[in-house]
Amino acid sequence: VLFINDEKGHPAVPNNFKIDGQLLHVRNALGKNKVSIELYKKRILKYPESIEEYLYLVQAYLIADQVKQAQKVIKTAEKLLETSNSNKVFAYHYNYLTGNIAARLDDNEKALEYWERSVIDEFCMGGYFSRAFLFRELNRHQEEVSEWKRIIKMLEEYHDESYLKRWKEELAKAESKI
């Protein structure tokens, strides 16, 4: 795994989220979630002030379906986030993962709130998708329609047409239920 460090030697480049996220999912497919969890625990010991490492561990716990453990770790990440000058991408990941934890614990309104806060731009908009799918699961189809429209509008504004087909189909499904 490629690590890009800041001037103090801490892994600090948010692009690692994509690389580490892929690694987490590969290990999950291989049944090696424990390896991921142990890796991020070790990295936290080495970089105890790195929000990024805590967020990776949260992801590892969620993938391993250890939601209560993820909830404990996200609280530490929250404290670090409050006292640091970290960039908005870390806040995105914190809010998105906190929404995932809340949803897994059936605290749907809290999940919706955190996912709303997680969207920072046209490239970090996973929270909108999570909201739309949760609205569907809750049979709140009018809100689902609104969410798909918001997603499509953002995609039309910032991405090419190839991004739209599936989400327009999801919108049509939601509209058919109203």
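Caption draft 1: Expanded view of the nonpolar core. Formed by 26 residues in total, the largest nonpolar core has its most connected members in Tyr40, Leu55, Leu57, Val58, Leu62, Ile74 and Ile101. Put simply, the parts of the chain that give this core at least two residues each are α1 (16-29), α2 (33-46), α3 (51-63), α4 (67-83) and α5 (88-104). Top contributing element to this core by residue count: α3, with nine residues. Those residues within four positions of Leu57 in sequence are excluded, and the remaining contacts are Ile37, Tyr40, Lys41, Ile44 and Val73. With 15 residues, the next largest nonpolar core counts Val119, Leu155, Leu164 and Leu171 among its residues.

Caption draft 2: Structural view of the confidence of the model for the chain. Chain-level pLDDT for the chain is 88 on average; 89% of the residues reach the 70-or-more range. Throughout residues 1-14 the model reports pLDDT below 50, and contacts reaching past four residues in sequence, or to other chains, amount to 30 contacts.

Caption draft 3: Region of interest: the side chain of Ser36. Tracing the chain through its elements places Ser36 in helix α2. Accessibility expressed as a relative area gives 2% for Ser36, which makes it buried. There is a polar contact of 3.4 Å between the side chain of Ser36 and the side chain of Arg27. If we skip the residues at most four places from it in the chain, Ser36 touches Leu24, Arg27 and Ala60.

Reading the values: rules and limits
Residue indices follow the written sequence of each chain, beginning from 1 at its first position. Two thresholds apply to this predicted model, a pLDDT of at least 70 for residue-level local features and 80 or more for giving and counting side-chain atom pairs, whereas whole-chain, interface and lining totals are computed over all residues. Think of the side-chain values as coming from all heavy atoms in the structure, minus any hydrogens and water. Only buried residues count toward a nonpolar core. Its members are Ala, Val, Leu, Ile, Met, Phe, Trp, Tyr and Cys residues joined through side-chain atoms within 4.5 Å. Residue burial is assigned from relative accessible area. The probe radius is 1.4 Å, only protein chains are included, and a residue is buried under 20% of its type maximum, exposed over 50%, and partly exposed in between. Numbered from the N terminus, helices here are DSSP runs of H or I no shorter than four residues, and strands are runs of E no shorter than two. Note on contacts: a residue pair is in contact if any heavy atoms of the two residues lie within 4.5 Å. As a per-residue measure, pLDDT reflects the predictor's confidence and takes values from 0 up to 100. Identification of polar contacts relies on pairs of N or O atoms within 3.5 Å, with a donor-acceptor requirement for protein atoms, meaning one able to donate a hydrogen and the other able to accept it, and with residues adjacent in sequence counted only if both atoms are side-chain atoms.

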